[in-house]
Amino acid sequence: MAVSFTAAEQLARRHRFQWWETLPWIAALAAFFAFPNYLAFATQVLITILFALSLDLVLGYAGIVTLGHAAFFGAGAYTVGMLASHFGWTEPLSGLLAAALVAGVVGLVSGLVLLRTHGLALLMLTLCTMTLLEQAANMGAAWTGGFDGIPGLSFGKILGLFSFDVLYFRTQYLYVLTVLLICFLVVRMLVYSSFGQSLTGVRENLLRMHAVGAPVRIRLVIAYAISAALAGVAGGLFTQATGFVNLAVLGLERAAGVLIVLILGGYGRLYGAFVGAVAYMVLEHFLAKAYPTAWQLGIGVVLVLVALYARNGIPGLAETLRGKRRSAP
Amino acid sequence: MKNWTPASALAAAAFSICSLFSVGAAAQTVKVGVVLPYTGVGAELAQQVDRGIQTFMTMNPNAFGGVKVEIVKRDSKNPSGAEAKTAVQELITQEKVDILAGFIYSPDAIASAQLVTEAKKPMIIMNAGTAWITTLSPMISRVSFSMWHAGYAMGEAAVKQMKAKTAVIGYTDYPPGKDSLDAFKRAFEGAGGKIIDEIPMGGPGQVPDFTPFFQRAKDKKPDVFFVFVPAGDHTLAVMKTYGALGMRKAGIRLVGPGDITQDIKLQAMGDDAVGLITTHHYNADLDNPLNKRFVESWKKSFGAASTPDFMGVQGYDGMAAIAYIVTTLKGKIDPDGAINALRGWKYNSPRGPISIDPRTRDIVMNEYISELVKKDGRLVQKNIGMLPAVKDMCKELAEGRCKQ
Amino acid sequence: MDLITILLGGLASGMVLFIVSVGLSVTMGLMGFVNLAHGGFAMLGGYVIALSMQHWGLPFGWALLLGFVAVAALSVVLERFFYSRLYRATELDQVLFTIGLVFVMTAAVTLGIGPNSQSVVLPDWLKGQTDLGFIQYRSYSLALIAAGTLLVLALWLGFERTRFGATIRAAVDSRRMASSLGVDVGRLFTVTFAIGSGLAAVGGGLGAEILGLDPNYPLRYLVYFLIVVSVGGLGRVTGVFFAALLIGVLDFVLKIYFPKGGTIFIYALTLVLLLARPQGLFGKKGG
């Protein structure tokens, strides 16, 4: 009797690169040449993609719902900013590493404390942690510049070769794109590793994970710390690309914004961050250009429609149209 | 895991939408990019500046010497600096504007400074009041105010005119608040007064309940209580709390920069605000012929219930500055020419005579000391003193970051 | 400053938080629905109240009633047509929907009425101060305290002593069991949602003096409402009441003695409380 192993085969093979996975990167490079005047905006989109990707690691794969992820983004952003303005440390790559380190530590500590809870309590705790950091940044305004921020930051050459392009953002765009690619590969590898699988296990069936004796909490904390480090890199990139940092990097607007981006793009899908960030930010940007006072209405309607008619974001919309149902990875 | 290609498809589709919106620059017009927070917490303030701009165009249709002026508006959304910077970048590279204007919030102006220096585009600030902003770029010129204009003047007036000896300062805990604190303190103590307490009163985002802060001030029993809060809803809450705690009966006089008596909020303040003394460069009740025409034109355009305020006149004067640049350079805007044209520029504004300091590129103007009185059932600002041609004392005294 | 004045001040602001948040707690506890647009109903109610008083000269009490009814009616429409479709959806889809709804509400008000803030003009008997014998205190604050206390008593009686209240409590504890016992859960949701939103509307109008009233209201105060609800425990009216008071009073006290600390205290307090008792002060464990 011939037994079909397609499901098993699919599982075993899915970590291999598919041809279409190169498309987003080709599109990003194409955008570089096609839209030379929009690269400042495009760089912000890439940074948001990285940020959303880091969130996906905890939200989409480990099932941790957090409204405070900007805490790590901000930690990274301020690390780079303060190193540059107070210590004259403007080497970009080492600055990013410092940002990742600091944010990762913040993530580790907060994860150890907070991940004992779940649900609404965890949501509120992450929110409170982020807001406390924001308040601390305001109180330490001598260091952080407070509401007005740290102005006029400029950074050294990347690898000693490429200097930042103040007006057209060409260098910034390619720099951020490269860092994004590297981080993406790291996340992808993690997700398909046994570590990543155990995270999915935790998300899908916590009880069973406990039953098979898997050390649940430590995995969650590690995932949380890694995600925090990545968010810190995104924050560091933000300060380097924008040449400016202020309290908004630690604010609810940013944290809620990245959550919306990820929900819209589809969480737990690895590419959801790409879809969501591009769709949301491009839509918002051009709506705001055309209707500076009324664009919020349009965005709100879009969000409502997607939530009502698409389960799990925009990809869900396409799925509904195709008549398929989402199956767990 | 599901195979899906929404990323690529959507990215391509989304970016192609961009091309539909790209705008080419016309040849013989001067393009002005206006960056204001049209949505979010600053929407009300943006509306006032925007209306000021419109009123200038209405009242002075021939101010540009025949050159066509096209205004491109961009929303700077929340005061994160990043949005404003992206907007400015695109205005420069995509819309190819000649001049930038607007900027309500200081972080938005601060973040954009690098860009305008690099691109060599003149930037006219129509609000952002942190004193040292003008030092950030040689392309920046400000027609609005620095926190030190009103704060310093109020400090001096409190001692010299009101004969106050002690003061408590309440301020919203962010840079404009601290600037205001520093300015008032410098002047008040310089004139012989004593500051007995400095109370930070929450952040600019949410309007806090001022009762605990005001109660603390009341307990200290100062002669005057100097309060700075950002223009907007904070000011109403301040007045209500002052009245609710019976502070006037306790003999504590409330003073502050005119931000706390913003004209659009004035009538809602009620009788609690009567007797309040403020110092500012503008209020709608200023008694000069140009202001009367300004207010009249405003009300005609936007309704009898509307009123201009200091942000409105700043929008107006900003456009006047731009008109001066356009006519002086005859429509060919070269950046250094523009900034140099403004150095020493003098103008008769609804707020009285103003000029731009050639050294600091910041505004020099009268500061009016006013007392709120009730007349015909309405709250009206009565002029009780004036300091002519006031400069930004922070830069004059080279305090802290103001060192140029 | 003496203890009484401090207490009264904190209680007054706590009461406003309570009146607005109680509806959120019940709907979140009952329907398990993350309604981040709750503040939007408070804002809309505040606008109805303020504008009906300004343009139609409606007296304060009647305006409050109108606000309740109008917003409750609107919430019924929204619930039947939109919210109910998302009961089985993931929490994140609910977040997406309600955030989108808040954007729509904020933008609609900004475009339709204007970005300026509105004020609710208090009737004369609420202005000024009242002499309580041992102290003179702001009449408005005293009225808020009275209103909040009456409300919590009314709600408590409603929950504990009426059949309807018992039905809600049962459904909060176990929706499935209640349903299998013949409770029309769908209708229960609609009615509860309407009452919760109506209360938020009244809170929006009553609290306008303290919290202000403008298009950005919903997002600005969302965090506070969520804090009160999570600290109090989902679905527990008494929980929300005490959490609101606790937060109101402590915030007030700490601002007087440590103004530099700013709003840090509320967040630090919430952090400590939720770590110690994740289910909230009055919530049930395992929730």
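Residues numbered from 1 in each chain as written. Chains lettered and ligands numbered in written order. Predicted model: local features only at pLDDT ≥ 70, side-chain atom pairs only at ≥ 80, totals over all residues.

(A) The arrangement of the overall build of chain C in detail. Assigned secondary structure in chain C consists of twelve helices and two strands. When the helices and strands of chain C are read in sequence order from the N terminus, they spell out α-α-α-α-β-β-α-α-α-α-α-α-α-α. Taken over C-alpha atoms, the radius of gyration comes to 19 Å for chain C, in line with the 19 Å a tight globule of 287 residues would show. Dimensions of chain C along its principal axes, counting C-alpha atoms only, are 55 × 45 × 35 Å. Within chain C, contacts between residues separated by at least 24 positions form 77% of all contacts whose residues are at least 6 apart in sequence. (Helix = DSSP H or I, 4+ residues; strand = E, 2+ residues; numbered from the N terminus. Rg over C-alpha atoms; globule rule 2.2 N^0.38 Å. Contact = placed C-beta atoms within 7 Å.)

(B) Summary view of the environment of Val183 of chain C. On the secondary structure map, Val183 of chain C appears in the loop between helix 7 (175–180) and helix 8 (185–206). Between the C-alpha atoms of Val183 of chain C and Val249 of chain C, which are 66 residues apart in sequence, the distance is 39 Å.

(C) Quick peek at the sheet that holds strand 1 (residues 29–36) of chain B. All names here are of chain B. Pairing is parallel across the open sheet formed by five strands, whose spatial order is 2-1-3-4-5. Looking at which strands have only one partner, the edges of the open sheet turn out to be strand 2 (68–75) and strand 5 (140–142). Averaged over all neighbouring strand pairs, the angle between strand axes comes to 25 degrees, with direction disregarded. Direction of pairing for strand 1 relative to strand 3 (residues 99–102): parallel, over a ladder of four bridges. By the bridge assignment, Gly33 is partnered in strand 3 with Leu100. In the packing of helix 4 (residues 106–119) onto the sheet, the strands contacted are strand 1, strand 3, strand 4 (123–125) and strand 5, and the crossing angle to strand 4 comes to about 165 degrees. (Pairing = 2+ DSSP bridges. Axes fitted to C-alpha atoms, helices over the stretch in contact; angles between N-to-C directions.)

(D) Examining the interface of chain A and chain B more closely. Taken residue by residue, the interface counts 47 residues in chain A and 48 residues in chain B. At the level of secondary structure, the elements contributing two or more residues to the side of chain A that touches chain B comprise helix 2 (23–34), helix 3 (39–61), helix 13 (272–290) and helix 15 (313–322) of chain A. Considering each element in turn, the side of chain A that touches chain B owes the most residues, eight residues, to helix 13 of chain A. Here the side of chain A that touches chain B is built from residues that sort into 30 nonpolar, twelve polar and five charged. (Nonpolar A, V, L, I, M, F, W, Y, C, P; charged D, E, K, R; others polar.)

(E) A look at the packing of helix 6 (residues 119–139) of chain A against helix 10 (residues 217–232) of chain C. Where helix 6 of chain A meets helix 10 of chain C, the axes come as close as 10 Å, and the angle between the chain directions of the two elements is 135 degrees. As far as their axial angle goes, helix 10 of chain C and helix 6 of chain A are oblique. Crossing of helix 6 of chain A against helix 10 of chain C: the hand is left-handed. Contacts from Leu120, Ala121, Met124 and Leu127 of chain A in helix 6 of chain A reach Val223, Leu226, Ile227 and Ser230 of chain C in helix 10 of chain C. For the contact of helix 6 of chain A with helix 10 of chain C, the residue count by class is seven nonpolar, one polar and no charged. (Parallel < 35°, antiparallel > 145°, perpendicular 65-115°, else oblique. Left-handed = near helix turned anticlockwise from the far one by under 90°.)

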